[in-house]
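Observations on the model geometry
Residues per chain are reported as follows:
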Amino acid sequence: MNYKSIDKFPSNSVIILLIIGITLGFNVFGSVITIISITLGIGIEPKLIQAVSQIIFLFGLTIIISHIIPLRFKQIFRLEENIRFKYIFYGIIGLFFLNLFNTGFVSLQEHLIPESLMGIYHEYIELMDSIYDKMLKGTDVYDFFLAIIIGAIIPSISEEFLFRGFGQRSLEENNSIYFSVFTTGTIFGLIHFNLINLFPLILIGIFLGFLAHYSKNILVPVFIHFLNNAVSILFFYIGEPEILNDDNTLPLTLSIILSIVGLLGVLSIIIILIRSEN
């Protein structure tokens with residue numbers, strides 16, 4: 001199905017600046033509320049601040065700003081087509097390869113980092129781990145399900161509506177699918193501010209972009225995004241398999257093999273998606 005605009009679309013630069021502005025607003029708002037909470041001794045939990053910030057900015061503001069796009073709501077957010085379960089299957093297989101790539105690439109990075117920078121590298125990992133601890137850590141079933149809501153359900157909906165919905169769909173109107181997917185996928189990776197997983201995050205964003213475009217239903221990438229985050233949170237609580245643990249650097253050869261197999265697997269699924277339209 002070809003979407004047709006009914007009026008002039010905003011320029012690429014406007015769309016990109018809006019995406020960046022919304023994500024920066026989300027981070028600034030969360031930081032300001034956290035500082036106020038600490039200063040006044042209110043004691044608002046960081047995970048609650050994270051959840052509210054995502055709902056207000058990444059989801060709420062996206063819905064409001066989407067009104068500048070001369071398309072119907074269902075067109076912007078890809079809700080006109082029914083879910084075809086073959087795309088769920090493609091998404092799950094792609095997710096498997098994405099995690100292979102992530103495991104191999106992160107380990108490969110560590111092999112390539114100069115010894116003089118290794119201390120800074122591990123300090124950064126500890127910083128990121130402490131942030132995730134504050135956002136997701138808990139001791140019981142209630143904390144686990146709260147972590148699923150905050151770390152999987154809310155992000156998968158809000159981020160997909162912003163990036164694969166408003167952002168990518170708007171860019172697709174006057175640009176190629178490749179430009180639209182790579183642009184929003186790159187911004188998606190960058191706004192997570194996670195240098196260790198930067199390239200895997202960009203690859204995830206690109207994969208979800210192709211999945212959204214060819215499935216023609218935003219709920220498909222929402223589900224795959226949710227599944228990816230939910231599995232990560234599950235491992236966070238029960239402990240990761242030895243091979244997936246970032247604290248264990250894999251042998252160089254295995255790191256290269258996993259990176260290559262994972263990348264080729266993701267590219268293969270993307271090619272299948274592209275051919276599925278023909």
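Not measured: the values here are computed from a predicted model. (Residues numbered from 1 in each chain as written. Predicted model: local features only at pLDDT ≥ 70, side-chain atom pairs only at ≥ 80, totals over all residues. Heavy atoms only, no water.)

1. Considerations on the overall build of the protein
Helix and strand counts for the protein stand at 10 helices and zero strands. Sequence-ordered secondary structure for the protein, helices as α and strands as β, is α-α-α-α-α-α-α-α-α-α. Here the C-alpha coordinates of the protein stretch approximately 55 × 50 × 40 Å along the principal axes. Out of the 278 residues in the protein, the part that is buried amounts to 47%. In the protein, of all internal contacts separated by at least 6 residues, the share reaching a separation of at least 24 is 83%. Carbon and sulfur atoms make up 70% of the accessible area of the protein, which totals about 14,100 Å². (Helix = DSSP H or I, 4+ residues; strand = E, 2+ residues; numbered from the N terminus. Buried < 20%, exposed > 50% of the residue type's maximum accessible area, 1.4 Å probe, protein only. Contact = heavy atoms within 4.5 Å. Areas by Shrake-Rupley, 256 points an atom, 1.4 Å probe, with all protein chains shown as cover.)

2. Structural notes on the pattern of salt bridges
The final tally for this structure, using the stated rule, is four salt bridges. Between Arg72 and Glu80 there is a salt bridge, and its shortest N-O distance comes to 2.6 Å. Residue Glu80 is classed as partly exposed on the basis of its relative accessible area, which comes to 28%. Residues Arg78 and Glu172 are paired through a salt bridge, measuring 2.7 Å at the closest nitrogen-oxygen approach. Of this pair, Arg78 sits in the loop between α3 (73-76) and α4 (85-112) while Glu172 sits in helix α6 (residues 141-172), and the two are 94 residues apart along the sequence. A relative accessible area of 13% means that Glu172 is categorised as buried. (Salt bridge = Lys/Arg side-chain N within 4 Å of Asp/Glu carboxyl O.)

3. Looking at the side chain of Ser107
By secondary structure assignment, the location of Ser107 is in helix α4. Within the structure, the side chain of Ser107 is placed 2.9 Å from the side chain of Ser255, a separation counted as a polar contact. Discounting chain neighbours no more than four positions away, the residues touching Ser107 are Thr249, Leu250 and Ser255. (Polar contact = N/O pair within 3.5 Å; in protein donor to acceptor, adjacent residues only side chain to side chain.)

4. Some thoughts on a nonpolar patch on the surface
On the surface, a nonpolar cluster with roughly 750 Å² of combined accessible area is contributed by Val28, Val32, Ile36, Leu40, Ile42, Ile44, Leu48, Val52 and Ile56. Listed by contribution, the elements that provide at least two residues to the nonpolar patch are α1 (12-40) and α2 (46-65). Broken down by element, the nonpolar patch gets its largest block of residues, four residues, from α1. Following the sequence through the fold, Ile42 ends up in the loop between α1 and α2. (Patch = residues over 30% accessible without salt bridge, like charges linked within 9 Å, V, L, I, M, F, W, Y side chains within 5 Å.)

5. With respect to the packing of α4 against helix α8 (residues 198-215)
Their axes nearest at 9 Å, the elements α4 and α8 cross at an angle of 165°. On the basis of their axis angle, the class for α4 and α8 is roughly antiparallel. Taken as a pair, α4 and α8 cross one another with a handedness that is right-handed. Residues Tyr87, Tyr90, Gly91, Gly94, Leu95, Leu98, Phe101, Asn102, Phe105 and Gln109 of α4 lie in contact with α8, whose contacting residues are Phe199, Pro200, Leu203, Ile204, Phe207, Leu211, Tyr214 and Ser215. For the contact of α4 with α8, the per-class residue count stands at 13 nonpolar, five polar and no charged. (Axes fitted to C-alpha atoms, helices over the stretch in contact; angles between N-to-C directions. Parallel < 35°, antiparallel > 145°, perpendicular 65-115°, else oblique. Left-handed = near helix turned anticlockwise from the far one by under 90°. Nonpolar A, V, L, I, M, F, W, Y, C, P; charged D, E, K, R; others polar.)

6. Focus: the confidence of the model for the protein
Of all residues in the protein, 94% attain a pLDDT of 70 or more, and the chain-wide mean is 88. Looking at the elements of the protein, mean pLDDT is at its lowest for helix α5 (residues 118-136), recorded as 79, and at its highest for α8, recorded as 97. Here residues 1-6 is a poorly scored stretch, pLDDT under 50, and it has 15 contacts once near neighbours within four places are set aside; other chains count. (pLDDT = per-residue confidence, 0-100.)

7. As for the nonpolar core
In this structure, Phe166, Phe207, Phe210, Leu211 and Leu273 are the most contacted members of the largest nonpolar core, which totals 52 residues. If you list the elements that add at least two residues to this core, you get α1, α2, α4, α6, α7 (177-190), α8, α9 (219-238) and α10 (252-276). With 10 residues, α8 is the single largest residue contributor to this core. When residues no more than four places from it in sequence are discounted, the contact partners of Phe210 are Ile177, Tyr178, Val181, Phe182, Ile270, Leu273 and Ile274. Counting eight residues, the second largest nonpolar core, distinct from the first, contains Phe144, Ala147, Ala230 and Ile233. (Core = buried A, V, L, I, M, F, W, Y, C linked by side-chain atoms within 4.5 Å.)

8. Description of the packing of aromatic side chains
Using the criterion set out here, one finds 16 aromatic pairs in the structure. Summarising the aromatic geometry, the rings of Phe29 and Phe57 are spaced 5.2 Å apart at their centres and angled 50° between planes, so their arrangement reads as tilted. Taken together, the positions of Phe29 in helix α1 and Phe57 in helix α2 put the pair 28 residues apart, joining distant regions of the chain. Each ring, one from Phe163 and one from Phe188, has its centre 5.4 Å from the other, and the planes form 85°; the classification is edge-to-face. (Phe/Tyr/Trp six-rings, centres within 6.5 Å; stacked < 30°, edge-to-face > 60°.)

9. Considering the environment of Leu208
Secondary-structure assignment places Leu208 in helix α8. Owing to a relative accessible area of 2%, Leu208 belongs among the buried residues under this scheme. C-alpha separation for the pair Leu208 and Ile224, spaced 16 residues apart in sequence, amounts to 8.0 Å. Apart from the residues lying within four places of it in its own chain, the contact partners of Leu208 are Glu160, Arg164, Pro221, Ile224 and His225.

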